[in-house]
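# Structural characterization, general
Chain by chain, the residues:
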Amino acid sequence: MSHEVEILLVEDSPEDAELTIRALRRNKLVNEIHLAEDGVEALDFLFCRGAHADRTFSCPPKLVLLDLKLPKVGGIEVLRAIRADERTKAIPVVVLTSSKEEKDLIDGYKLGVNAYAQKPVDFEQFSETVRQIGMFWMLINQAPPSGAFVASAARGA
Amino acid sequence: MSNEVETLLVEDSPEDAELTIRALRRNKLANEIHVAEDGTDALDFLFCRGAYADRTFSHPPKLVLLDLHLPKVDGMEVLRALRADERTKAIPVVVLTSSFEQEDVAAGYKLGASAYVQKPVDFEGFSEAVRQIGMFWLLINQALPPGEFTASKAHGV
């Protein structure tokens, strides 16, 4: 793997995935983006197993953009698994969903999502939301350094 | 309290506080900003006690902008206290610091910081970073609805 994936996009809708990738690319916010179309593939990618066994935990994506309604394993379960493992716990996860259910929002925060954005239905607004997400998470936010992914580096935290 | 605070800015440098407030206001990103100049004041505000006993947990700020090096109680301790209490656990906390130490970044994420931003040293860069923070966290991010910040609503997650 010479190119490190910067964003893992977990999205089962081909249209939404294409819109998201296009908005990020158009604004030059990402070079390497990996698309996982269901929760199982997202977990395989993040936990470096299955088809992604050549990946390593020390090179996590800078951001996971996570849809909630996914085939096989839902987004909330993916989030729960990420937060339950010291090797993946610090990876920034932003939920991007069309869900307007308050329970999803509450569960997301209880499980430690970094941020939660609703997909606007309108095309222009969708692109703008993705652009803002990309601007903040790719350009402004400082991604966790490798030391954040090792249990022993916790300094009693 | 008729006006709900949208942003709690925890910052001991008057210059940085003024720059931050100005950048948010100029972009119409915060009507109500409260500045806490040390960690104790920030905790009193967030835990609705002392001078802030008239505040309620059901109306937390939409965003806490947290400097790390603070008088009395430092930023990491403020973050730890917020994440340890069900009533304040889900409040978005963005660390905004001049610390470039990777250990601080790692520790911030391990303690549950929502995001971590290094203060650019130049004026323009600083204003732009604050603008992007405001755009994402005050306009795009969906915070928990008021009233959901209570332990009893845990939904068994």
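Scoring rules and cut-offs
- Residues numbered from 1 in each chain as written.
- Chains lettered and ligands numbered in written order.
- Predicted model: local features only at pLDDT ≥ 70, side-chain atom pairs only at ≥ 80, totals over all residues.
- Helix = DSSP H or I, 4+ residues; strand = E, 2+ residues; numbered from the N terminus.
- Rg over C-alpha atoms; globule rule 2.2 N^0.38 Å.
- Buried ≥ 20, exposed ≤ 12 C-beta atoms within 10 Å, placed from the backbone.
- Core = buried A, V, L, I, M, F, W, Y, C linked by C-beta atoms within 7 Å.
- Pairing = 2+ DSSP bridges.
- Right-handed = clockwise from strand over helix to strand, strands pointing away.
- Axes fitted to C-alpha atoms, helices over the stretch in contact; angles between N-to-C directions.
- Parallel < 35°, antiparallel > 145°, perpendicular 65-115°, else oblique.
- Left-handed = near helix turned anticlockwise from the far one by under 90°.
- Contact = placed C-beta atoms within 7 Å.
- Nonpolar A, V, L, I, M, F, W, Y, C, P; charged D, E, K, R; others polar.
- pLDDT = per-residue confidence, 0-100.

## A short note on the overall build of chain B
On a plain count of helices and strands, chain B comes out with 5 helices and 5 strands. Secondary structure elements of chain B occur, N-terminal to C-terminal, as β-α-β-α-β-α-β-α-β-α. What you see for chain B is a C-alpha radius of gyration of 15 Å, in line with the 15 Å of a compact globule of 157 residues. Relative to its 157 residues, chain B shows a buried fraction of 43%.

## Quick notes on the nonpolar core
Grouped together as the largest cluster of nonpolar side chains are 90 residues, with contacts concentrated most on Leu8(A), Val10(A), Leu66(A), Val94(A), Val10(B), Leu66(B) and Val94(B). Among the elements that take part in this core, helix H5 (residues 123-140) of chain B stands out by supplying 7 residues, more than any other.

## Thoughts on the pairing of strand S2 (residues 33-36) of chain A
All names here are of chain A. Of the pairings in the sheet, the one linking strand S1 (residues 7-10) to S2 comprises 4 bridges and is parallel in character. In the strand pairing of S2, Leu8 is matched with His34. Note that the unit made of S1, helix H1 (residues 14-26) and S2 has a crossover that is right-handed.

## Details of the packing of helix H2 (residues 39-46) of chain B against helix H3 (residues 75-83) of chain B
For any two helices packed against each other, one specifies the crossing angle of their axes together with the interaxial distance. Residue and element names in this part refer to chain B. H3 packs onto H2 with a crossing angle of 20° between their chain directions and a minimal axis gap of 9 Å. Between H2 and H3, the crossing angle belongs to the class labelled roughly parallel. The hand of the H2/H3 crossing is right-handed. Contact residues: Gly39, Ala42, Leu43 and Leu46 in H2; Gly75, Glu77, Val78, Ala81 and Leu82 in H3. Its residues placed into classes, the contact of H2 with H3 shows 6 nonpolar, 2 polar and 1 charged.

## A short note on the interface of chain A and chain B
Facing 31 residues of chain A, the contacting portion of chain B comprises 31 residues. Counting residues per element, the ones that place at least two in the side of chain A that touches chain B are helix H4 (102-110), strand S5 (115-118) and helix H5 (123-140) of chain A. Here the side of chain A that touches chain B is composed, by residue class, of 18 nonpolar, 8 polar and 5 charged.

## Focus on the sheet that holds strand S1 (residues 7-10) of chain B
All names here are of chain B. One open sheet holds the 5 strands; their spatial order is S2-S1-S3-S4-S5, and the pairing between them is parallel. Each edge of the open sheet carries a strand with a single partner, namely strand S2 (33-36) and strand S5 (115-118). Each neighbouring strand pair of the sheet contributes to a mean axis angle of 20°, computed without reference to strand direction. Relative to S5, strand S4 (residues 93-97) is paired through 4 bridges, and the arrangement is parallel. Looking across to S5, one finds that Thr97 is bridged to Gln118.

## Comments concerning the confidence of the model for chain A
For chain A, the mean per-residue pLDDT works out to 92, and 94% of the residues sit at or above 70. The model gives residues 152-157 of chain A a pLDDT under 50, and that stretch makes 7 contacts with residues more than four places away or in other chains.

## Regarding the sheet that holds S5(A)
Residue and element names in this part refer to chain A. Read across the sheet, 5 strands follow the order S2-S1-S3-S4-S5 without closing on themselves; strand pairing throughout is parallel. Looking along the sheet, the strands with just one partner apiece sit at the ends: S2 and S5. Averaged over all pairs of adjacent strands, the angle between their axes in this sheet comes to 20°, without regard to strand direction.

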